[in-house]
Amino acid sequence: LSSEIEFLKTRAIWTFTRFYEVTFTKSEIYVEGLKKVLEGLFSTSLCCQVQSASSLRSHLKIEEGALLIGTIVDKIIFQMLKISRKLEFEEVSKNIAFIIEEFPQQISTLSCSIIEQLMVQFFPLAESSKNNALSESAATALTTIENINLVIKSLTEANNTDEILFNKNNRCAFFHFC
């Protein structure tokens, strides 16, 4: 997980994630491994970024994993949105959905920015898939719309919905699309 060689780091992330259910004798070992996985999200290698993003769903099932991911969920979600814009890969979009569902309170405070980025991502996907409804871009577009719905749902579950929606600093392009 600490290799300078991106291919090896990507493989290490894949391997570490396959063993996420293993109970380590010291939980610090798991946490340190997960920190390396999260560092992979910000790697210069797109393959490493995608592997890290694709692995987060598994790590959310582990208490220590969910706690660690929760401390930097804002950075994680925006990096995953950035990765998702670079390529049409439904797996990354599905993992964005899992993070939104796992952390609705944190997501609700970021909702305008997240929705704005998801909508900007959706339109090119929809355009490129209009001639092929079974393409990867069509599946990713559908998942992107589902993610927008999840963010809106997190808003309805938040106790501070009015504060978020009616604060002028939170107004975003989302309202311009409507």
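The rules behind the values
- Residues numbered from 1 in each chain as written.
- Predicted model: local features only at pLDDT ≥ 70, side-chain atom pairs only at ≥ 80, totals over all residues.
- Heavy atoms only, no water.
- Salt bridge = Lys/Arg side-chain N within 4 Å of Asp/Glu carboxyl O.
- Helix = DSSP H or I, 4+ residues; strand = E, 2+ residues; numbered from the N terminus.
- Buried < 20%, exposed > 50% of the residue type's maximum accessible area, 1.4 Å probe, protein only.
- Expected span 1.5 Å × (residues − 1).
- Arc of directions from axis to C-beta.
- Contact = heavy atoms within 4.5 Å.
- Axes fitted to C-alpha atoms, helices over the stretch in contact; angles between N-to-C directions.
- Parallel < 35°, antiparallel > 145°, perpendicular 65-115°, else oblique.
- Nonpolar A, V, L, I, M, F, W, Y, C, P; charged D, E, K, R; others polar.

### Overview of the pattern of salt bridges
Thought 1: Taken as a whole and judged by the stated rule, the model has three salt bridges.
Thought 2: Among the salt bridges present, the one from lysine 35 reaches glutamate 32, with a minimum N-O distance of 3.4 Å. Note that lysine 35 and glutamate 32 are positioned in helix H2 (residues 27-41) at a spacing of three residues, about one turn of the helix.
Thought 3: Given a relative accessible area of 43%, glutamate 32 falls into the partly exposed group.
Thought 4: A salt bridge links glutamate 91 to arginine 57, with the nearest nitrogen and oxygen atoms 2.5 Å apart. Residue glutamate 91 is located in helix H6 (residues 90-102), and its partner arginine 57 is located in helix H3 (residues 46-60); the two are separated by 34 residues in the primary sequence.
Thought 5: With relative accessibility at 25%, the residue glutamate 91 sits in the partly exposed group.
Thought 6: On the basis of relative accessible area, arginine 57 is assigned to the partly exposed category, the value being 24%.

### Overview of H2
Thought 1: Its 15 residues give H2 an end-to-end C-alpha distance of 22 Å, which sits within 8% of 21 Å, the value for a rise of 1.5 Å per residue.
Thought 2: The complete set of buried residues in H2 reads Tyr30, Gly33, Leu34, Val37, Leu38, Gly40 and Leu41. The buried residues of H2 occupy an angular sector of 145° when the element is viewed end-on, so they sit on one face.
Thought 3: Those residues of H2 that are buried lie in contact with helix H1 (6-18), H3, helix H4 (63-71) and helix H5 (73-86).

### Re the packing of H5 against helix H8 (residues 111-128)
Helices that pack against each other are described as a pair by the angle of their axes relative to one another and the distance between those axes.
Thought 1: At a minimum axis distance of 10 Å, the contact between H5 and H8 shows a crossing angle of 5°. If you check the angle between H5 and H8, you find them roughly parallel. In this structure, H5 contributes Ile77, Phe78, Leu81, Ser84 and Arg85 to the contact, and H8 contributes Ser113, Ile114, Gln117, Leu118 and Gln121.
Thought 2: Residue composition of the contact of H5 with H8, grouped by class: five nonpolar, four polar and one charged.

### Looking at the side chain of serine 84
Thought 1: Tracing the backbone shows serine 84 in helix H5.
Thought 2: We classify serine 84 as buried; its relative accessible area is 4%.
Thought 3: Sequence-distant contacts of serine 84, defined by excluding residues within four places in its chain, comprise Val92, Ser93, Ile96 and Gln121.

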